[in-house]
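Breakdown of the fold
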Amino acid sequence: MTTRCRGFTLIELLVVIAIIAILAAILFPVFSNARRQARVSQCVSNARQVGMAVRMYVDTYSGTWPIFFAYNSQPPAGHPDHKGVEVQLYPYVKDKRVFGCAEDKGGPYQELDVPGTRSYLDAYGTSFRYTKCVYTTIAGYSSSNNRLRDYTYVSRDSSFQYPANTRIMRDEMMSFFSRKHDPGCAKYGYDCDPPWDYFREWHATGGTLIFADGHAKFVTTPAAFDATFVDAAGHESGAPHPEEGSWYWACD
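Residues numbered from 1 in each chain as written. Predicted model: local features only at pLDDT ≥ 70, side-chain atom pairs only at ≥ 80, totals over all residues. Heavy atoms only, no water.

Section: the pattern of salt bridges
Short version of the rule: By convention in these notes, a salt bridge is any Lys or Arg side-chain nitrogen within 4 Å of a carboxyl oxygen on Asp or Glu. Elements are defined by DSSP. Helices are runs of H or I of four residues or more, strands are runs of E of two residues or more, and each kind is numbered from the N terminus. Think of it in three bands: with a 1.4 Å probe and only protein chains considered, a residue is buried below 20% of the maximum accessible area for its type, exposed above 50%, and partly exposed in between.
On inspection of all chains with the given rule, the structure shows 11 salt bridges. The partner of Asp191 in a salt bridge is Arg179, and the shortest N-O contact between them spans 3.1 Å. Of this pair, Asp191 sits in the loop between β5 (167-171) and β6 (207-211) while Arg179 sits in the loop between β5 and β6; the two residues are 12 residues apart in sequence, bridging distant segments of the chain. For Asp191, a relative accessible area of 14% translates into the label buried. By relative accessible area, which is 40% here, Arg179 ends up partly exposed. Residues joined by salt bridges that share partners form a network here, namely Arg129, Arg167, Arg170, Glu172 and Asp252.

Some words on the pairing of strand β7 (residues 216-219)
Applicable threshold: Two strands pair if DSSP finds at least two bridges between them.
Both β6 and β7 contribute to a ladder of 4 bridges, which runs antiparallel. Counterpart to Gly207 in the pairing with β7 is Val219. Once β6 ends, the chain turns through 4 residues before running back antiparallel as β7, passing Gly214 with a positive phi of about 100°.

Spelled out as structure tokens, the structure:
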């Protein structure tokens, strides 16, 4: 007796290919969303570690908060003379990667400010923006964008009225900073016309916030962002400010 091997017909092969294509179409968004959620979780985890580092710093220095620095590119991150809040917090985390977010894709202004860098972490040492009204500021020493501050304010832990709702840091890019949500660049000042174009989407929705009590969370709406406090007295980010338009513009 002989046996004959029967191959697939063209129709059967096409059916198999169609089934695989359908399964891929169903599963690809699931896998993509899982990867996105994993990156969000990593960012929130790092933020939480930075928040706890702030708490340890404050305990070490008898309730005094770190000295404010931000976006100093002369010299840039990694140089021994670079100044940033993250430099003061490093002894409490021992890993510079903690100051980064997996979704840190940089931004147009950062790429011009520090050529050759692809992220805020590379350029400035951190993916997180520090809320300036909650940190200690020293005239002639604190600096932002390489410019020295001309006033002194000592921030003490005892002065915080609502630490659990006072944001001390956030992801540099929040998704609702885009033109779609902020036409005219008036509310948040990110998705503007060049040369003041800062915006690039990191997370598809929202961004990470870190609070004065050390906890961190991911928010997805501008309403939740605007309702957080930005100074020790408890002024809401979205509330009117007598000189700056809003407390966001005064403190963020």
